[in-house]
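# What the coordinates show
Chain residues, written in single-letter form:
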Amino acid sequence: MKSEKDQLILGIETSCDETAVALVRNGREIIANVVASQIESHKRFGGVVPEIASRHHVEQVTLVLEEALKQAGTAMEEIDGIAVTEGPGLVGALLIGVNAAKALAFAHDIPLLGVHHIAGHIYANRLVKEMEFPLLSLVVSGGHTELVYMKEHGHFEVIGETRDDAAGEAYDKVARVLNMPYPGGPHIDRLAHDGQPELDLPRAWLEPGSYDFSFSGLKSAVINTVHNAEQRGEKIAPETLAASFQASVIDVLVTKTVQAAKEYKVKQVLLAGGVAANKGLRTALQEEFKKQENVELVIPPLSLCTDNAAMIAAVGSVMYEKGQRSDLTLNGNPGLEITIHND
Amino acid sequence: MKILSIDTSNYVLGIGLVDDTQVMGEYISNLKKNHSVRVMPAIQTLMKECGIKPADLDKIVVAKGPGSYTGVRIGVTIAKTLSWTLNKPIAGVSSLEVLAASSGRYFNGYLSPLFDARRGQIYTGLYQFSNGSIAAVYEDQLVMAADWVERLRELDAPILFSGNDLPLHRKVIQEALGDQAIMAEITEYNPRPAELAFLGRNRQDEDPHAFVPNYIRLAEAEAKWLESKKQQ
Ligand SMILES: [Zn+2]
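Residues numbered from 1 in each chain as written. Chains lettered and ligands numbered in written order. Predicted model: local features only at pLDDT ≥ 70, side-chain atom pairs only at ≥ 80, totals over all residues. Heavy atoms only, no water.

Chain B is annotated in an unreviewed UniProt entry as Gcp-like domain-containing protein of Mesobacillus campisalis.

How we decide: UniProt positions are given in the numbering used here, feature names are shortened, and annotations may be inferred rather than shown by experiment.
Within an unreviewed UniProt entry, the label attached to chain A reads tRNA N6-adenosine threonylcarbamoyltransferase, and the organism entered is Mesobacillus campisalis. Regarding chain A, the UniProt comment filed under Subcellular location (unreviewed entry) reads as follows: "Cytoplasm". Regarding chain A, the UniProt comment filed under Catalytic activity (unreviewed entry) reads as follows: "L-threonylcarbamoyladenylate + adenosine(37) in tRNA = N(6)-L-threonylcarbamoyladenosine(37) in tRNA + AMP + H(+)".

### A closer look at the overall build of chain B
Formally: Per the convention used, a helix needs a DSSP run of H or I reaching at least four residues, while a strand needs a run of E reaching at least two, with both numbered from the N terminus. The reference for a compact globule is 2.2 Å times residues^0.38; the radius of gyration itself is calculated from the C-alpha atoms. We call a residue buried when its accessible area falls under 20% of the maximum for its residue type, exposed when it is over 50%, and partly exposed in between, using a 1.4 Å probe and counting protein chains only. Residue contacts are counted whenever heavy atoms from the two residues lie within 4.5 Å of one another. Using the Shrake-Rupley algorithm and a 1.4 Å probe, accessible areas are obtained, with residue cover drawn only from the displayed protein chains. Within this scheme the basic residues Lys and Arg register as positive and the acidic residues Asp and Glu register as negative, but His and the chain ends are omitted. For this purpose, a charge sits on NZ of Lys, CZ of Arg, CG of Asp or CD of Glu.
Within chain B one finds 7 helices and 10 strands. Whereas a compact globule of 232 residues would reach a radius of gyration of roughly 17 Å, chain B reaches 18 Å, a difference of no more than 12%. Taken over the C-alpha atoms alone, chain B extends approximately 50 × 50 × 30 Å along its principal axes. Across the 232 residues in chain B, those meeting the buried criterion constitute 55%. Put simply, 64% of the contacts in chain B that link residues at least 6 apart link residues at least 24 apart. Of the roughly 10600 Å² that chain B leaves accessible, carbon and sulfur atoms contribute 47%. On chain B, the mean spot of the 25 positive side-chain charges and the mean spot of the 27 negative ones are 6 Å from each other.

### Structural notes on the packing of aromatic side chains
To keep things clear, this is the line we draw: Ring pairs shown here join Phe, Tyr and Trp side chains whose ring centres sit within 6.5 Å, with only the six-membered ring taken for Trp; geometry is labelled stacked below 30 degrees between planes, edge-to-face above 60, and tilted in between. For a ring to carry a charge above it, either NZ of a lysine or CZ of an arginine must fall within 6 Å of the ring centroid while also lying within 35 degrees of the normal to the ring plane.
Under the defined criterion, the tally for this structure stands at 8 aromatic pairs over all chains. Measuring from centroid to centroid gives 6.1 Å for Tyr-138 of chain B and Trp-148 of chain B, while their planes differ by 80 degrees, and the two rings are edge-to-face. Highlighted residues: Tyr-138 of chain B in strand 8 (residues 133-144) and Trp-148 of chain B in helix 4 (residues 145-152), separated in sequence by 10 residues. You'll find Tyr-138 of chain B and Trp-148 of chain B in the same group, each marked buried. Across from the ring centre of Tyr-69 of chain B, 4.7 Å away, lies the NZ or CZ of Arg-55 of chain A, which sits over that ring. Lying over the aromatic face of Tyr-138 of chain B, Arg-151 of chain B brings its terminal NZ or CZ to 3.9 Å of the ring centre.

### As for the UniProt feature "binding site: Fe cation" (unreviewed entry) in chain A
Residues and elements named next belong to chain A. This is how it is decided: Polar contacts, as used here, are pairs of N or O atoms within 3.5 Å; protein pairs need one atom able to donate a hydrogen and one able to accept it. Residues neighboring in sequence count only if both atoms are side-chain atoms.
Within this structure's numbering, the places UniProt gives as "binding site: Fe cation" (unreviewed entry) are His-117, His-121 and Asp-307. In three dimensions, the annotated residues from a span of 191 residues occupy one location, with a maximal C-alpha spread of 8.8 Å. In this structure His-117 touches Glu-13, Ser-15, Thr-85, Gly-87, Pro-88, Asp-307, Met-311 and Ile-312, once residues within four positions along its chain are discounted. Checked against the element boundaries, Asp-307 lands in the loop between helix 10 (302-305) and helix 11 (310-321). With residues up to four places along the chain from it excluded, the contact list for Asp-307 reads Glu-13, Ser-15, Cys-16, Glu-18, Val-35, His-117 and His-121. Here the side chain of Asp-307 touches His-117 through a polar contact of 3.1 Å, side chain to side chain.

### A short note on the interface of chain A and chain B
Test applied: For any pair of parts, buried area is found by adding up, for both, the accessible area (1.4 Å probe) each one loses once the two are put together. Just to be clear on terms, a salt bridge is a Lys or Arg side-chain nitrogen sitting within 4 Å of an Asp or Glu carboxyl oxygen.
Facing the 30 residues of chain A at the interface are 34 residues of chain B. Carbon and sulfur atoms supply 68% of the area buried between chain A and chain B, which totals about 2900 Å² over both sides. Counting the surface chain A buries against chain B, the share from its top three residues, Arg-55, Thr-62 and Phe-106 of chain A, is 23%. In this assembly, chain A and chain B are joined by 2 salt bridges. Of the charged contacts, one joins Arg-73 of chain B and Glu-51 of chain A as a salt bridge, the two residues approaching to 2.9 Å between their closest N and O atoms. Viewed at the interface, chain B and chain A are joined by 12 residue pairs in polar contact (both at pLDDT 80 or more). Among the elements of the structure, helix 2 (50-72) and helix 3 (91-108) of chain A are those that each provide at least two residues to the side of chain A that touches chain B. Among the elements that take part in the side of chain A that touches chain B, helix 2 of chain A stands out by supplying 11 residues, more than any other.

### Examining the domain arrangement of chain A
By a frequent convention, interface size equals the accessible area lost on bringing the separate parts together. All names here are of chain A. The test is simple: Note: domain ranges come from an automatic or database domain assignment.
The domains assigned to chain A are domain 1 (8-123 + 305-321) and domain 2 (131-299). Summarising the inter-unit geometry, the C-alpha centres of domain 1 and domain 2 are found 27 Å apart. Counting residues at the interface gives 15 residues for domain 1, matched by 20 residues for domain 2. In this assembly, domain 1 packs against domain 2 so that about 1300 Å² is buried in total across both faces, 77% of it on carbon and sulfur atoms.

### Details of the pairing of strand 5 (residues 112-116) of chain A
All names here are of chain A. Rules: Note on pairing: DSSP must find at least two bridges between two strands before they are called paired.
Counting buried residues along strand 5, 5 of its 5 residues qualify, which places the element largely inside the surrounding structure. Across the two faces of strand 5 the burial is the same, with Leu-112, Gly-114 and His-116 and Leu-113 and Val-115 all buried. Pairing geometry for strand 4 (residues 81-87) and strand 5, over 5 bridges, is parallel. Bridge pairing links Val-84 to Gly-114 in strand 5.

### Let's talk about the packing of helix 3 of chain A against helix 2 (residues 69-86) of chain B
Where we set the bar: Lines fitted to the C-alpha atoms define the axes, with helices restricted to the stretch that makes contact. Angles between their N-to-C directions range from 0 to 180 degrees. A crossing counts as left-handed when the near helix is turned anticlockwise from the far one by less than a right angle, and as right-handed when that turn is clockwise. Lys, Arg, Asp and Glu make up the charged group, whereas Ala, Val, Leu, Ile, Met, Phe, Trp, Tyr, Cys and Pro make up the nonpolar group; the residues left over, Gly among them, are polar.
Contact geometry for helix 3 of chain A and helix 2 of chain B: axes closest at 8 Å, N-to-C directions at 35 degrees. In this structure, the crossing between helix 3 of chain A and helix 2 of chain B has a hand that is right-handed. Packed against helix 3 of chain A, whose contacting residues are Leu-95, Ile-96, Asn-99, Ala-100, Ala-103, Leu-104, Phe-106, Ala-107 and His-108 of chain A, the element helix 2 of chain B presents Thr-70, Arg-73, Ile-74, Thr-77, Ile-78, Thr-81, Leu-82, Trp-84, Thr-85 and Leu-86 of chain B at the interface. Of the residues belonging to the contact of helix 3 of chain A with helix 2 of chain B, the class tally is 12 nonpolar, 6 polar and 1 charged.

### What about the domain arrangement of chain B?
All names here are of chain B. Parsing chain B into structural domains produces domain 1 (2-95 + 191-227) and domain 2 (96-188). Taken together, the contact between domain 1 and domain 2 spans 18 residues of the former and 16 residues of the latter. On inspection of domain 1 and its partner domain 2, the count reaches 2 salt bridges. We note a salt bridge from Arg-203 to Glu-97, for which the minimum N-O separation is 2.6 Å. On the surface where domain 1 and domain 2 come into contact, there are 11 residue pairs in polar contact (both at pLDDT 80 or more). With 3 residues, the single largest contributor to the side of domain 1 that touches domain 2 is helix 6 (residues 193-201). When the residues that make up the side of domain 1 that touches domain 2 are grouped by side-chain class, the tally is 9 nonpolar, 5 polar and 4 charged.

Take a look at the structure:
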């Protein structure tokens, strides 16, 4: 399954509530991609409980490793590099992946590659479509809302980020107002599909030329709208609320992405992160970039938008090529910044 | 039989390497420093100095708790991953039992090793050596130090207390037990990784996939959730 010149990277991801292991050949081809989700366990708490996430990771980690190697039909001896999410994420959760990766690297004398989680989300796209530089990536997840500019492999420049809540966080909070079960994002997306954006909710454009985001004002506006209606004895249809909220979020995300794509004259725009699974966002971006002839929009399939280890292996592949290595002092780093690796 | 032992369950970081007839090497530190950064380099250095390659190992033994949740998980994750990927057996030993064995092998009485668990609580258990082997008299538990010593008063033999957190609870112990309480010397506060290795040597092999720490306690959120279900 692996010829002499092929490169095979094993990826491990445990930054939040998925224990994931994948094998990726030559940076682009998924050989195995196993994700053990804990979402059922965390549902009863209405969110991810860090201590419980860490406990599940310890229970799962070698099982998931074994399953991935089995699916790939390969052995550790064939593996050229072990890539693992170093951060950001929940520290206790990160430590399980990092220490499992270090034990494997030591046991088989294989290079170790510490990967930034958001770089992973961006590189999920490379498993679908080869990257063309310069490119722009819109990263939207439970913890992140960022516009990242890349002029080449391994070069990450954050040109815009959220100043308060991440988009995914705003979704979860609004879902709570609507009494929806955790995680709220998919519920709102579904409801929004059946409603009209009739409510006039604010859009935080911030100062001209800024690519930063802010969603806390929108979240408060939704809560106020609901409360005011309740006081008048009225009830706003959840579909209308969801559609109006989603329209505001998407309007800001799409408009800023289009502006940045133009200013930075990029060849590709990549959607990344868990919120990339949002149908409304996907459709709006597709509509908008149909009009931009020189820019290619790449959206990974849903299974690669949420946390997985194939995306971590994909970054590891590029690091391996560049000769970047981590050593056995690698640690979990919950606040890790995305850096320009080639400096 | 070459055994690698790993203990990261508390501030003490211990790595041991033993074979049938000798303790080849030990690494011990007692520092409030990040275990995650230091364990693998310590294992690597010790094994390299002893001329042992990962594939040469015959068994991995790990201190499985109680202790710091994160600390125990680091050691257990490394141990179970090594066990699984090298296809070598794994065995777990109570972190308290290792401490008891490290200080009380020749003590004629009971052993109460302890780790502080904040707000007056301790992790402890009661152990005893007989014919050279150690056994639990009272199982490992999380308990108020004051309640524990009351319970020990009923015993008819001296009790040896040990552990780096002993100074925090010395007063409570001595007030309740007087001369019945013997305090280990400071040089015996650290659990010995070689002791861990030999304790684990004859323990039954466990399945690395199913191997998990002994936390003693449920996660707080889990405990609250179960409580709320009970009330419904
Ligand atoms: Zn993510």
